[in-house]
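Structural overview for review
For reference, the chains in residue letters:
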Amino acid sequence: MRLGRRGAPVGEAALAVRRPWRAANAGDAIAGVIAAGLGFSVLVLAGLLVYELVDKSWQSITEFGLGFITSTTWDPVAREFGAAPAIYGTLVSSIIALILAVPVSIGAAIFLSEIAPPWLRNPFSFLVEMLAALPSVVLGLWGLYVLVPWVREFVEKATLGRLNFIPLFSGPPFGVGMLAAGLILSIMILPIISAIARDVMLAVPTSQREAMLALGATKWEVISGAVLPYCRSGLVGAVILGLGRALGETMAVTMVIGRGYNITASLFRPASTASSTVASEFNEATYQLYISALVELALILLAITVVVNIVARLLVWRIAKSPGLIRE
Amino acid sequence: MLILGFVLAKGISSLNIDLLTKMPVPEGEAGGGVANSIVGSLMTIGIAALIGIPVGIGAGAFVSEYAGNRLGDVIRFTADVLTGVPSIVVGIFVYGLVVLRMGNFSALAAGIALAIIMLPIVARSSEEMLRLVPHSQREAALALGITRWRTILNVVMPAAQRGLLTGALLAVARAAGETAPLLFTALGNRFMSLSVTGEPVDALPLRIYRYATGPYSEQHGQAWAASLVLVVTVFVISLSARLLLRRR
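Residues numbered from 1 in each chain as written. Chains lettered and ligands numbered in written order. Predicted model: local features only at pLDDT ≥ 70, side-chain atom pairs only at ≥ 80, totals over all residues.

When its secondary structure is counted, chain B shows 12 helices and zero strands. Secondary structure elements in chain B, listed N-terminal to C-terminal, are α-α-α-α-α-α-α-α-α-α-α-α. Taking all 248 residues of chain B together, the buried fraction comes to 57%. Counting contacts in chain B only where the partners sit at least 6 residues apart, residues at least 24 apart contribute 75% of the total. (Helix = DSSP H or I, 4+ residues; strand = E, 2+ residues; numbered from the N terminus. Buried ≥ 20, exposed ≤ 12 C-beta atoms within 10 Å, placed from the backbone. Contact = placed C-beta atoms within 7 Å.)

So, about the interface of chain B and chain A. Listed as interface residues are 65 residues of chain B and, on the opposing side, 64 residues of chain A. At 10 residues, the largest contribution of residues to the side of chain B that touches chain A is made by helix α4 (residues 69–83) of chain B. Looking at the side of chain B that touches chain A residue by residue, the class counts come to 43 nonpolar, 17 polar and five charged. (Nonpolar A, V, L, I, M, F, W, Y, C, P; charged D, E, K, R; others polar.)

All names here are of chain A. Inspection of the secondary structure puts Ile-192 in helix α7 (residues 178–202). Classification of Ile-192 by C-beta neighbours within 10 Å gives buried; the count is 25. Residues Ile-192 and Ala-132, 60 residues apart in the sequence, show an inter-C-alpha distance of 6.5 Å.

As a further point, take the environment of Glu-249 of chain A. Residue and element names in this part refer to chain A. Following the sequence through the fold, Glu-249 ends up in the loop between α10 (232–248) and α11 (251–257). What makes Glu-249 buried here is the crowd of 29 C-beta atoms within 10 Å. Between the C-alpha atoms of Glu-249 and Leu-185, which are 64 residues apart in sequence, the distance is 7.7 Å.

This part takes up the nonpolar core. Membership of the largest hydrophobic core comes to 182 residues, with the highest contact counts inside it found for Ile-184, Val-256 and Ala-298 of chain A together with Val-94 and Ile-208 of chain B. In terms of residue count, α7 of chain A provides more of this core than any other element does, 18 residues in total. Shared between two domains, this core takes at least three residues from each, and those domains are domain 1 (2–58) and domain 2 (67–319) of chain A. Non-local contacts of Val-256 of chain A, meaning those with residues more than four positions away in its chain, are made with Gly-140, Gly-143, Leu-144, Leu-147, Val-148, Val-176, Ala-180, Ala-181 and Ile-184 of chain A. (Core = buried A, V, L, I, M, F, W, Y, C linked by C-beta atoms within 7 Å. Domains from an automatic or database assignment.)

Attention shifts here to the domain arrangement of chain A. Residue and element names in this part refer to chain A. The domain boundaries assigned to chain A delineate domain 1 (2–58) and domain 2 (67–319). Taken together, the contacts link four residues of domain 1 with six residues of domain 2. Across the side of domain 1 that touches domain 2, the residue classes break down as two nonpolar, one polar and one charged.

In an α-helix, one turn spans 3.6 residues; hence positions three or four apart end up facing the same way. Residues and elements named next belong to chain B. In this model, helix α3 (residues 35–66) (32 residues) spans 45 Å end to end at C-alpha, consistent with the 46 Å of a helix rising 1.5 Å per residue. Its axis deflected by about 25° at Ala-49, α3 carries its strongest bend there. The element α3 is largely enclosed, with a buried count of 25 among its 32 residues. (Expected span 1.5 Å × (residues − 1). Bend = angle between axes of the 7 residues up to and from the residue.)

This part takes up unusual backbone geometry. The residue Arg-79 of chain A is not glycine, and still its phi comes out positive at about 60°. The topology assignment puts Arg-79 of chain A in the loop between β3 (74–75) and β4 (80–81).

To describe two helices that pack against each other, one gives the angle between their axes and the distance between the axes. Residue and element names in this part refer to chain A. One way to put it is that helix α8 (residues 206–214) packs onto helix α9 (residues 219–230) with a least axis distance of 9 Å and a crossing angle of 150°. α9 is crossed by α8, and the crossing has right-handed handedness. Here Gln-208, Arg-209, Met-212 and Leu-213 of α8 lie close against α9, whose contacting residues are Glu-221, Val-222, Gly-225, Ala-226, Val-227 and Tyr-230. Among the residues making up the contact of α8 with α9, the classes are represented as six nonpolar, two polar and two charged. (Axes fitted to C-alpha atoms, helices over the stretch in contact; angles between N-to-C directions. Left-handed = near helix turned anticlockwise from the far one by under 90°.)

All names here are of chain A. The topology assignment puts Trp-142 in helix α6 (residues 136–159). For Trp-142, a count of 26 C-beta atoms within 10 Å translates into the label buried. Sequence separation of Trp-142 and Trp-220 is 78 residues, and the distance between their C-alpha atoms is 37 Å.

It is worth spelling out the packing of α3 of chain B against helix α11 (residues 204–213) of chain B at this point. Residues and elements named next belong to chain B. Between α3 and α11, the least distance of the axes is 7 Å, while the angle of their chain directions is 140°. Classified by the angle their axes make, α3 and α11 are oblique. For the pair formed by α3 and α11, the contact residues are Ser-37, Ile-38 and Ser-41 on the first element and Leu-204, Leu-206 and Arg-207 on the second. Residue classes in the contact of α3 with α11 are distributed as three nonpolar, two polar and one charged. (Parallel < 35°, antiparallel > 145°, perpendicular 65-115°, else oblique.)

All right, on to the confidence of the model for chain A then. Residues and elements named next belong to chain A. Residues at a pLDDT of 70 or more form 88% of chain A, whose mean pLDDT is 81. Of all secondary-structure elements in chain A, the lowest mean pLDDT belongs to strand β1 (residues 2–3), at 48, while helix α4 (residues 84–115) reaches the highest, 90. Confidence over residues 322–328 falls short of pLDDT 50; this stretch has 15 contacts with residues more than four positions distant or in other chains. (pLDDT = per-residue confidence, 0-100.)

Moving on, we get to the confidence of the model for chain B. Residue and element names in this part refer to chain B. Mean pLDDT over chain B stands at 84; residues scoring 70 or higher make up 87%. The least confident element of chain B is helix α1 (residues 2–14), whose mean pLDDT is 62; the most confident is helix α6 (residues 107–131), at 92. With pTM at 0.85, the complex prediction returns an ipTM value of 0.85.

Below, the structure written as structure tokens:
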């Protein structure tokens, strides 16, 4: 068997890939077909996923058309469904999360890959990975009983009557709402962004750093002049992967966002995201159109996250050809 | 760290043996446990592992051993994108695919949903691990006249054994904490259910969600304790996965 650049078979062997049943013996033929079936199962699954969601939301797609995305009314009683509040909530909560998480996680990644002494690196990475493995429902529980009261007391009540003239900080001090959702999301994506950013930074060749050092650069100049520019696209990819995670995150957000269906500038008011709407209403949906609208919401969410993920993967792939065991 | 501290502190105060062995009691009463949720979680994760791990390893083997560069890249990329699909979307998908067709919520549907979440993770990690096996080993086996599938099964896979197990364990850890897809597939059940296809089952994350969002303080305490159980389980699994990979 001849093997190509990345260990993939070429020539005679490649022919066996395209027509596995024509292998030299029966065992190889069967194994080839089984392996191909399992390999293609990934592709079939992706196709089936899209088909099933389109099929189940068809009623709502034909009923509302493109107006579904722009309509701001979400009223199951009047049988009127518009996804705009949910899409707005999804985007705003994710953007809040990014604003809070990106500086911290890029800083953490710089620290881990460039500054931290080796003995500190392992325990620190370990901690980050453990935080990434925390089930989101547990984080939601923490958010609901620790973070939400904290937001209510120290952010919303503290600004009450002082900053309320700014639309961003207006609204009653409930605790639950857009701000709490953004905060909990930022905690969730922090380990992901910092883990990937660290991997991308470690992939920068040492020669780049040494060249900079040889020119008499300081530690900081090496980081800002050699390391960061070299892996910029990878870092953007890491951030976008974090964004993808934030957009689709469900449980923790559902528990702290408080189910509101208005588009307001206020960060304190209850809101909803695409995923939280589906999670909290699917089991209450009593008629077909309602279910169909919720499935369409899931379809929109899928479309957004797939686009975001494709962009992010392409960027990360360009810098570190095999991201390896990067965890989501 | 702060979060872990809270879970630990709040969880330990209401953790007792009843939690693990007793059934839920009516709302507002003290006592009782989440035995049904633990059994349900074990069932759904077991089903998910039975489907997701073999298919995932098979897909990984196909990409690393059979597929050409272009096809391999396509499958790899699709798997990567699938990893990023929100778990709630997977839940809706399985609701349409399995629950509606079967006519009821079940452990099987929940298992399939979790398997779909595990599949791309297992496929990607096992492909990376199989790729690490040196080509000389494959060539040595082939040179001895061993057929190709025997080579993959008896030479390449054992060499990558530990890596394959690590990937599988990480996927199990991820699936164990998933809640969103279970809302539409397992649904939840206040009673013990051992049926795979017949009736809704409960699961630990689901029970935490129900208790946490409910109004009863006894249930809040149990939610913290159940969270502690869940977090410890997930951490032990992912910790053993990491240790396995390190001890080479």
